[in-house]
Amino acid sequence: MTIDWINFTPWPSLTGGLLIGLATAVLLLFNGKIAGISGIVGGLFRPVSGDVKWRIAFVLGLVLAPLAFSLFAALPKARIDADSSVLIAAGLLVGLGTRYGSGCTSGHGVCGLSRLSPRSFAATAVFMAAGFLTVFIVRHLIS
Amino acid sequence: MQLLIAFISGLMFGVGLIISGMTNPAKVIGFLDLAGAWDMSLALVMIGAILVGLIAFHIAAKRPKALLGDLMRLPTARQVDLRLIGGALVFGVGWGLAGYCPGPALVSIISGGSKPVIFVASMLAGMGIFEIQDRLAHKKR
């Protein structure tokens, strides 16, 4: 393993993380809800009266975040190497996996670890390991 | 009021993802690529978020109700089962393939061109398939 110091962005990443934590804290302490993205979106597939609008409001906030950000600074560039077929396969796996696994990076990785949930520790360890292994196979074994 | 809070929380969450670098799939894959040149930035995103989260969940655990009067809805499941592990495994493979997890993909749909839109559409389809399968399984029982 070598460390990529050129792309290492400790301060923005830590600051962004703190802001994500703060957003989680706001939703939890004011509304009593868990800021797990896949859970919030997934819940829209089984609408329960009184439990729909806040989900839409949260997702709307997420989707509009780049507009808010661009009022203050230029949006950072993003590079997506995956082509359409890979994106479709990856999207399906992420959609299925997060619902069967009851959470994603936010629900398990941030909220679950913050409340010291054994399920979330297990899930986070598994999806991180699967992510590491997938990138290893795609980057170093196949190509 | 709850709706405004949810909107603001989503907005803050999304801006946090943008600042942190999570909305750049190449950076996410740089973090997942342990055998290459490892970009450890994203570990700091998690550490930052969990530092605040620990405090928030510590406070929340002692309160039956949220500040705006709703019940505190914390997950109650305890069991580590095959469904959890299998789901996490499948999610991790998808995450590693594209470099997107659900939050950053949603944040990118209006500013990131067609690729995040394709990913999100497919992700929603995956969630829909889960929903259909789950309902059929419940009917059988």
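Nothing here was measured: the structure is a model prediction, and the numbers come from that model. (Residues numbered from 1 in each chain as written. Chains lettered and ligands numbered in written order. Predicted model: local features only at pLDDT ≥ 70, side-chain atom pairs only at ≥ 80, totals over all residues. Heavy atoms only, no water.)

Q: Please provide a residue-by-residue account of the overall build of chain A, values included.
A: When helices and strands are counted, chain A shows six helices and one strand. The order of α-helices and β-strands along chain A, N terminus first, is β-α-α-α-α-α-α. Across its three principal directions, the C-alpha atoms of chain A cover 50 × 40 × 35 Å. In the form shown here, chain A has an accessible surface area of approximately 6,500 Å², with 72% of it arising from carbon and sulfur atoms. In chain A, 10 positive and 4 negative side-chain charges are present, and the distance between their average locations comes to 14 Å. (Helix = DSSP H or I, 4+ residues; strand = E, 2+ residues; numbered from the N terminus. Areas by Shrake-Rupley, 256 points an atom, 1.4 Å probe, with all protein chains shown as cover. Lys, Arg positive; Asp, Glu negative; His and termini not counted. Charge placed at Lys NZ, Arg CZ, Asp CG, Glu CD.)

Q: Give a detailed account of the interface of chain B and chain A, specifying residues and quantitative values.
A: The interface of chain B with chain A comprises 103 residues on the first partner and 108 residues on the second. Of the roughly 9,900 Å² buried where chain B meets chain A, counting both sides, 76% is carbon and sulfur surface. One salt bridge connects B:R73 with A:D51, and the closest N-O pair in it is separated by 3.4 Å. Sorting the residues of the side of chain B that touches chain A by element identifies α1 (2–20), α2 (25–32), β1 (37–38), α3 (41–61), α4 (82–98), α5 (102–107) and α6 (114–140) of chain B as the ones contributing at least two each. With two bridges connecting them, strand β1 (residues 2–3) of chain A and β1(B) associate as parallel partners. Counterpart to A:T2 in the pairing with β1(B) is B:A37. (Contact = heavy atoms within 4.5 Å. Buried area = accessible area lost by both parts, 1.4 Å probe. Salt bridge = Lys/Arg side-chain N within 4 Å of Asp/Glu carboxyl O. Pairing = 2+ DSSP bridges.)

Q: Provide a residue-level description of the nonpolar core, including the pertinent values.
A: Burial of nonpolar side chains together is a common tendency in soluble globular proteins. In terms of nonpolar packing, the biggest core is built from 60 residues, with A:I37, A:F58, A:L62, B:F13, B:W95 and B:F119 touching the most fellow members. A per-element tally of this core places helix α3 (residues 53–70) of chain A first, with nine residues. Counting residues in each nonpolar core, the second largest holds 11 residues, with A:A25, B:A56, B:A60 and B:A66 among its members. (Core = buried A, V, L, I, M, F, W, Y, C linked by side-chain atoms within 4.5 Å. Buried < 20%, exposed > 50% of the residue type's maximum accessible area, 1.4 Å probe, protein only.)

Q: Give a description of a nonpolar patch on the surface that names residues and reports values.
A: Where nonpolar side chains cluster on the molecular surface, the patch consists of A:L133, A:F136, A:I137, A:V138, A:L141 and A:I142 and spans about 560 Å² of accessible area. The topology assignment puts A:L141 in helix α6 (residues 118–142). (Patch = residues over 30% accessible without salt bridge, like charges linked within 9 Å, V, L, I, M, F, W, Y side chains within 5 Å.)

Q: Before we move on, can you summarise the packing of helix α5 (residues 105–114) of chain A against α6(A) with the specific residues and values?
A: Residues and elements named next belong to chain A. Where α5 meets α6, the axes come as close as 9 Å, and the angle between the chain directions of the two elements is 135°. Comparing their axes, α6 and α5 come out oblique. Between α5 and α6 the crossing geometry is left-handed. Contacts from T105, G107, H108, G109, G112 and L113 in α5 reach S120, F121, A123, T124 and F127 in α6. (Axes fitted to C-alpha atoms, helices over the stretch in contact; angles between N-to-C directions. Parallel < 35°, antiparallel > 145°, perpendicular 65-115°, else oblique. Left-handed = near helix turned anticlockwise from the far one by under 90°.)

Q: Before we move on, could you go through the packing of α6(A) against α2(B) and cite the residues and values that matter?
A: Where α6(A) contacts α2(B), the axes come no closer than 8 Å and their chain directions differ by 100°. Judged by the angle between their axes, α6(A) and α2(B) are roughly perpendicular. Along the contact surface, α6(A) presents A:M128, A:G131, A:F132, A:V135 and A:R139, while α2(B) presents B:I29, B:F31 and B:L32. Per-class residue counts for the contact of α6(A) with α2(B) are six nonpolar, one polar and one charged. (Nonpolar A, V, L, I, M, F, W, Y, C, P; charged D, E, K, R; others polar.)

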